[in-house]
Amino acid sequence: MPPRRPERTRAYPLPMAAPLSVAAAQARILGALTPLRSERVPLAEALGRVLAAPVVSRRTLPPFANSAMDGYAVLAADIAGATGEHPAVLPVRGESRAGAVPAHGLEPGTAMRIMTGAPLPEGADTVVRHEDTDDGRATVAVRVAAPHGTSVRLAGEDMRAGDEVLTAGRRLRSGDLAACAALGEVWLEVGRRPRVAVLSTGDELVEPEREPGPGQIVDSNAVSVSAAVREAGGDPVRLGIARDTVDDLRRHLEEGARCDLVVTSAGVSVGDHDHVRDVVEEMGSLDLWRVAMRPGRPLAVGSVRGVPFIGLPGNPVSSQVTFELFARPAILALQGASQPHRPRSVARTLEPMDKPEGLETFHRGILERDADGGPPGVRLTGAQGSGILRSMVLADCLVALPAAGSRVPEGTLVEIIPLG
Ligand code: AMP
Ligand code: MG
């Protein structure tokens with residue numbers, strides 16, 4: 001190995017501004033981002049992408065009135081008063097099947113066999129399920145007085161031409177794609193997927209494929225960060241591991257600056273070999289934010305060569321939780337998402353939860369369904385240390401406890417962030 005250059009020395013402690021709340025830090029990060037340009041993608045590639053333009057219906061759905069059941073198309077007036085004891089008996093004239101237009105309309109005083117999804121014949125206003133009849137072929141005995149409109153899907157009851165069906169900024173789900181397909185929208189304008197540089201820093205790290213030697217640990221952060229980038233709709237670009245030297249960090253960050261966002265982990269504390277701060281400052285700008293939260297301090301935010309930069313803490317749980325709270329919304333915002341934050345819900349604590357006074361705390365929680373239909377219960381995954389990977393494995397939510405207070409008693413309603 002070439003001899004190391006002497007590193008710059010710094011005076012500690014680092015000057016830091018007053019602590020920020022999580023919400024304030026999120027707002028600052030998002031406020032500094034500009035969404036990437038949009039692109040057109042085929043429907044098959046649109047899942048999880050963020051719509052850049054609204055989808056406005058140019059069709060009427062359903063396109064024609066049709067039957068919601070297998071049965072008989074009738075006029076409600078012709079079966080008024082029908083009961084099991086006194087059925088209405090009607091002659092059966094023809095049938096309407098899915099995929100074809102019936103040969104003729106319905107004459108008053110008659111019934112037409114009809115299948116689910118088949119066009120309602122002209123003149124009919126009601127469908128009687130075949131279970132409510134004797135299923136007759138020549139004549140049918142209707143045993144119920146189905147009111148007008150029963151089992152009929154009206155044309156346009158779902159969508160009408162001109163309806164805004166999907167709003168810009170929405171992250172597309174499978175059901176959205178079905179609606180687009182039905183409307184004939186087979187190409188969609190979506191935000192470009194951000195290329196996110198993922199860089200781990202630390203002399204102790206080895207790639208997951210390698211067996212760690214004495215004093216070494218596996219770089220697990222690059223794995224969680226890359227996967228989470230993908231989950232947020234980004235395209236992770238693995239930069240590998242930068243050693244704790246100014247030169248190596250500079251080299252890696254220079255490469256990272258070719259992406260749309262740079263996310264690093266570790267090296268931003270005040271340890272003797274934490275140089276991320278110096279190098280990022282030299283290549284752009286950096287704020288070291290004291291976010292009043294646990295786990296996960298400090299958070300480094302800035303830019304390298306004009307590309308937004310987020311420096312996550314090194315401890316695996318801290319890096320995962322801060323990614324969730326700060327990097328994930330940033331990646332979604334770059335795609336133009338109108339709601340970059342995961343929706344929160346509530347749960348009732350099943351055990352007392354301790355936390356540091358003054359810090360918003362994100363414990364790892366396990367949800368339990370409430371037998372009486374109330375809000376779910378939540379208990380802790382066990383030890384909550386910022387290095388306990390199992391706490392994230394076991395968790396199905398983060399328990400978001402407010403900054404004030406140091407103990408949340410059992411039975412308290414608290415906010416949770418479900419982890420998908
Ligand atoms: P640092 O911020 O560099 O002081 O790192 C804080 C802690 O996180 C140390 O225990 C590191 O060994 C650990 N750590 C740093 N980077 C990673 C990583 N990529 N994967 C797993 N643990 C890490
Ligand atoms: Mg380190």
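Residues numbered from 1 in each chain as written. Chains lettered and ligands numbered in written order. Predicted model: local features only at pLDDT ≥ 70, side-chain atom pairs only at ≥ 80, totals over all residues. Heavy atoms only, no water.

## Some thoughts on the overall build of the chain
When you go through the chain residue by residue, the secondary structure sums to 7 helices and 27 strands. Over its C-alpha trace the chain gives a radius of gyration of 31 Å, far above what one expects of a compact globule, namely 22 Å for 420 residues. Referenced to the eigenvectors of the C-alpha coordinate spread, the extents of the chain come out at roughly 100 × 50 × 40 Å. Taken over 420 residues, the chain has a buried fraction of 46%. Taken as a whole, the chain presents about 19,900 Å² of accessible surface, with 53% of it coming from carbon and sulfur. (Helix = DSSP H or I, 4+ residues; strand = E, 2+ residues; numbered from the N terminus. Rg over C-alpha atoms; globule rule 2.2 N^0.38 Å. Buried < 20%, exposed > 50% of the residue type's maximum accessible area, 1.4 Å probe, protein only. Areas by Shrake-Rupley, 256 points an atom, 1.4 Å probe, with all protein chains shown as cover.)

## What to know about the domain arrangement of the chain
By a frequent convention, interface size equals the accessible area lost on bringing the separate parts together. If you check the domain split of the chain, you get domain 1 (22-36 + 193-334), domain 2 (40-61 + 158-191), domain 3 (66-153) and domain 4 (345-418). Spacing between the C-alpha centres of domain 2 and domain 4 amounts to 37 Å. (Domains from an automatic or database assignment.)

## What to know about the site of ligand 1
The full set close to ligand 1 counts 16 residues, and E204, D219, G267, G314 and N315 are the nearest of them. Note that a nitrogen atom of ligand 1 is positioned 2.7 Å from one of the side-chain N or O atoms of D219. Relative to its free-state accessible area of 490 Å², ligand 1 is covered by the protein chains to the extent of 78%. (Near = heavy atom within 4 Å. Polar contact = N/O pair within 3.5 Å; in protein donor to acceptor, adjacent residues only side chain to side chain.)

## Topic: the environment of E324
Along the chain, E324 falls in helix 6 (residues 316-334). Other than its neighbours up to four places away in sequence, E324 contacts P329, R342, L398, I417 and L419. (Contact = heavy atoms within 4.5 Å.)

## Some points on the packing of helix 3 (residues 221-231) against helix 6
Closest axis-to-axis distance for the helix 3/helix 6 pair is 10 Å, and the angle between their directions is 25°. The orientation of helix 3 with respect to helix 6, classified from their angle, is roughly parallel. In the packing of helix 3 onto helix 6, the handedness of the crossing is right-handed. Counted together, N221, S224, V225, A228, V229 and E231 of helix 3 and P316, S319, Q320, F323, R328 and I331 of helix 6 form the full contact between these two elements. The residue inventory of the contact of helix 3 with helix 6, partitioned by class, reads 6 nonpolar, 4 polar and 2 charged. (Axes fitted to C-alpha atoms, helices over the stretch in contact; angles between N-to-C directions. Parallel < 35°, antiparallel > 145°, perpendicular 65-115°, else oblique. Left-handed = near helix turned anticlockwise from the far one by under 90°. Nonpolar A, V, L, I, M, F, W, Y, C, P; charged D, E, K, R; others polar.)

## A closer look at the sheet that holds strand 4 (residues 71-74)
Ordered by their spatial adjacency, 5 strands build an open sheet running 7-4-6-5-8, and the pairing between neighbours is mixed. Taken across any chain shown, the strands that pair with only one partner, and hence form the sheet edges, are strand 7 (126-129) and strand 8 (139-142). Recorded for the sheet is a direction-independent mean angle of 45° between the axes of neighbouring strands. Alignment of strand 4 against strand 7, held across 4 bridges, turns out to be antiparallel. Looking at strand 7, one finds that V74 is bridged to T126. (Pairing = 2+ DSSP bridges.)

## Regarding the sheet that holds strand 16 (residues 261-265)
The strand order across the open sheet built from 6 strands is 15-12-16-20-19-17, with neighbouring strands paired in mixed fashion. Both outer strands of the open sheet, strand 15 (235-242) and strand 17 (284-289), are each paired with one neighbouring strand and no more. Across the sheet, the mean angle separating the axes of adjacent strands is 20° when strand polarity is ignored. For strand 12 (residues 195-201) and strand 16, the ladder comprises 5 bridges, and the chain directions are parallel. Considered in strand 16, the bridge of V196 is made with L261. Strands strand 12, strand 15, strand 16, strand 19 (299-304) and strand 20 (307-312) of the sheet are contacted by helix 4 (residues 246-256), whose axis makes an angle of about 170° with strand 15.

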